[in-house]
Amino acid sequence: MAKKIKVTQTRSVIGRPKDQKLTIEALGLGRINKTVTKDSTPQIEGMLRKVAHLVNVTEG
C-alpha cells in the first residue's frame, strides 16, 4: 500500500503561470489552507515538485 501524504495549499495561485494553476487544481486544491490526502506516487511527487513553493507537504 502506498504511503499517504497530506498536501496543504499555503499560497495563492493569482499571478502564477497557467501550468501551476492547473497542477493545483489537479491536486484537488484551489483555496489557501485547503488540505487533501494523496497516495505518494511518482506522478503526485512530480506535481508537488512543480508547485512546491505554493504548498506544504506532511506525512500522514
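So, how was this worked out
- Residues numbered from 1 in each chain as written.
- Predicted model: local features only at pLDDT ≥ 70, side-chain atom pairs only at ≥ 80, totals over all residues.
- Heavy atoms only, no water.
- Helix = DSSP H or I, 4+ residues; strand = E, 2+ residues; numbered from the N terminus.
- Rg over C-alpha atoms; globule rule 2.2 N^0.38 Å.
- Buried < 20%, exposed > 50% of the residue type's maximum accessible area, 1.4 Å probe, protein only.
- Contact = heavy atoms within 4.5 Å.
- Areas by Shrake-Rupley, 256 points an atom, 1.4 Å probe, with all protein chains shown as cover.
- Lys, Arg positive; Asp, Glu negative; His and termini not counted.
- Charge placed at Lys NZ, Arg CZ, Asp CG, Glu CD.
- Salt bridge = Lys/Arg side-chain N within 4 Å of Asp/Glu carboxyl O.
- Pairing = 2+ DSSP bridges.

### Quick word on the overall build of the protein
- Helix and strand counts for the protein come out as two helices and three strands.
- The order of helices and strands in the protein, counted from the N terminus, is β-α-β-α-β.
- A compact globule built from 60 residues would reach a C-alpha radius of gyration of about 10 Å, and the protein, at 11 Å, matches this within 12%.
- Per-residue burial over the protein gives 27% buried out of 60 residues.
- Residue pairs in contact within the protein that sit at least 24 positions apart in sequence constitute 72% of those at least 6 positions apart.
- Accessible area of the protein: about 4,000 Å², with a carbon and sulfur share of 50%.
- Taken as two groups, the 12 positive and 5 negative side-chain charges of the protein have centres that lie 6 Å from each other.

### Considerations on the pattern of salt bridges
- Taken as a whole and assessed by the stated rule, the structure comprises two salt bridges.
- Residues aspartate 39 and lysine 4 are paired through a salt bridge, measuring 2.8 Å at the closest nitrogen-oxygen approach. You can see aspartate 39 sitting in strand β2 (residues 35–39) and its partner lysine 4 sitting in strand β1 (residues 4–9), a full 35 residues away along the chain.
- Put simply, aspartate 19 and lysine 50 hold a salt bridge, and the shortest N to O gap is 3.3 Å. Residue aspartate 19 is found in helix α1 (residues 18–26), and its partner lysine 50 is found in helix α2 (residues 42–50); the two are separated by 31 residues along the sequence.

### Here we look at the pairing of β1
- Relative to β2, β1 runs antiparallel, the two sharing five bridges. What sits directly across from isoleucine 5, in β2, is lysine 38.
- Summarising the sheet, β1 and strand β3 (residues 55–59) pair through five bridges and their orientation is antiparallel. From the neighbouring strand, lysine 6 faces β3, where its bridge partner is threonine 58.

Worth remembering: the numbers are spatial, not functional.
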